[in-house]
Amino acid sequence: MTRSILQIALLAGLASAAHAETDAAGHWAFQPLVQPRVPAVRDASWPATDVDRFLLAKLEAAQRWPVADASPEVLLRRLTFDLAGRPPTVAEQDAFFSAPAATRLPEAVDRLLASPEFGERWAQHWLDVARYADSSGGGRSMMFPAAWRYRDYVIEAFNNDVPFDQFVCEQLAGDQLPAEDAAQRDRQTIATGFLTLGAINYELQDKKLLEMEIVDEQIDVVGRAFLGLSLGCARCHDHKFDPIATEEYYGLAGIFASTHSVVHENVGRPFERPLTDG
């Protein structure tokens with residue numbers, strides 16, 4: 001009886017795995033990008049771009065219609081909250097309404113994008129992805145006195161319009177990239193704070209386990225930040241619903257394990273590389 005139950009469970013598991021592989025192969029997230037056909041719409045006067053046509057086509061199919069355009073006052077308020085995280089000042093409102101109607105909105109956009117507030121507002125979204133905090137949070141909470149440097153690096157990257165590919169490379173391997181001067185080398189080194197942050201229990205006395213816990217945290221944040229996938233399950237088994245194998249997990253782990261990330265003491269601590277500006 002027990003053997004029959006185990007056989008049934010095994011067959012069910014194999015069938016489930018096969019079904020999962022089929023589902024993963026056909027999942028929309030893993031399909032190659034294609035150029036979609038722009039849908040036709042009945043109200044050709046409303047769309048300003050092809051994106052509007054996609055939206056309007058869905059609305060029309062559901063027998064719904066766009067609301068009236070927002071007033072200039074509402075547009076300025078939405079824009080300022082979105083880009084700067086605050087309402088517009090009286091002076092900004094006066095400047096907006098004194099400008100010609102045809103140019104005041106793009107001028108307001110340019111002004112807000114050029115403001116330091118833009119980076120301060122939008123950096124918070126990336127800092128959430130990067131699990132930014134001023135302490136480790138795992139086990140005994142260990143303070144990260146220099147974490148602010150990474151925070152400021154992200155703010156400056158947004159304000160300086162750093163290309164995204166450069167932004168990614170600096171956070172993954174900034175200390176390995178060529179630099180024209182000491183200031184650039186420092187900035188790129190600070191960027192790798194992305195890999196140092198996270199909830200790590202530096203009190204672990206099994207130092208090999210501590211190293212692998214750090215590697216696992218690094219793999220997890222890389223997967224979530226750049227792939228939109230959780231990779232941690234592959235530490236123990238192939239993913240059931242994503243095309244991620246344990247072999248691939250440990251291939252990536254080998255890269256991070258070759259990096260000097262921790263100083264082993266009774267209570268470990270993150271490895272720190274000195275900067276030229278102290």
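Look above for the structure.
Keep in mind that what you see is a predicted model, and the values were worked out from it rather than measured.

(A) Geometry of helix α5 (residues 104–113). Where α5 is concerned, the buried positions are R104, A108 and L112. For α5, the angular spread of the buried residues around the axis is 70°, confining them to a single face. Where the residues of α5 are buried, they touch α3 (72–84), α4 (90–98) and α6 (116–129).

(B) Representation of the side chain of R86 in the model. Tracing the sequence through the fold places R86 in the loop between α3 and α4. Not counting the four nearest positions on each side in its chain, R86 is found in contact with T80, F81, E92, L112 and E117.

(C) Up close: the packing of aromatic side chains. Per the counting criterion, the structure on display carries 11 aromatic pairs. Aromatic rings pair up to connect W126, Y150, Y153, F158, F164, F167, F194 and F226 into one cluster.

(D) The nonpolar core, seen in detail. W126, Y150, V154, F194 and Y202 are the most contacted members of the largest nonpolar core, which has 38 residues in total. Among the elements that line this core, the one with the most residues is helix α10 (residues 207–227), at seven residues. Counting eight residues, the second largest nonpolar core, distinct from the first, contains L76, L83, F96 and L112.

(E) Geometry of the packing of α3 against α6. Direction vectors running N to C along α3 and α6 enclose 70°, while the axes themselves pass 7 Å from each other. Taken together, α3 and α6 sit at an angle that is classed as roughly perpendicular. Contacts between α3 and α6 involve F81, D82, L83 and A84 from the former and E117, F118, R121 and W122 from the latter. Grouping the amino acids of the contact of α3 with α6 by side-chain chemistry returns five nonpolar, no polar and three charged.

(F) Region of the structure containing helix α7 (residues 147–159). When the terminal C-alpha atoms of α7 are compared, their 19 Å separation across 13 residues agrees well with the 18 Å that a helix rising 1.5 Å per residue should span. Among the residues of α7, those classed as buried are A147, R149, Y150, Y153, V154, I155 and A157. Residues of α7 that are buried sit in contact with α6, α8 (164–173) and α9 (182–191). Phi turns positive one or two residues past the end of α7, at D161, with a value near 55°.

(G) Structural detail: the packing of α8 against α9. Two elements in contact, α8 and α9, have axes separated by 6 Å at closest approach and are oriented at 80°. Classed by the angle they form, the pair α8 and α9 counts as roughly perpendicular. Each of Q166, E170 and Q171 in α8 lies in contact with α9, whose residues at this interface are R187, Q188 and A191. Of the residues belonging to the contact of α8 with α9, the class tally is one nonpolar, three polar and two charged.

(H) Looking closely at the environment of Q124. Structurally, Q124 is set in helix α6. Here Q124 falls in the partly exposed class, since its relative accessible area comes to 35%. Considering only alpha carbons, one finds Q124 and Q184, 60 residues apart in sequence, at a separation of 23 Å. A polar side-chain atom of Q124 sits 2.9 Å from the main-chain carbonyl oxygen of R121.

What counts and how
- Residues numbered from 1 in each chain as written.
- Predicted model: local features only at pLDDT ≥ 70, side-chain atom pairs only at ≥ 80, totals over all residues.
- Heavy atoms only, no water.
- Buried < 20%, exposed > 50% of the residue type's maximum accessible area, 1.4 Å probe, protein only.
- Helix = DSSP H or I, 4+ residues; strand = E, 2+ residues; numbered from the N terminus.
- Arc of directions from axis to C-beta.
- Contact = heavy atoms within 4.5 Å.
- Phe/Tyr/Trp six-rings, centres within 6.5 Å; stacked < 30°, edge-to-face > 60°.
- Core = buried A, V, L, I, M, F, W, Y, C linked by side-chain atoms within 4.5 Å.
- Axes fitted to C-alpha atoms, helices over the stretch in contact; angles between N-to-C directions.
- Parallel < 35°, antiparallel > 145°, perpendicular 65-115°, else oblique.
- Nonpolar A, V, L, I, M, F, W, Y, C, P; charged D, E, K, R; others polar.
- Expected span 1.5 Å × (residues − 1).
- Polar contact = N/O pair within 3.5 Å; in protein donor to acceptor, adjacent residues only side chain to side chain.

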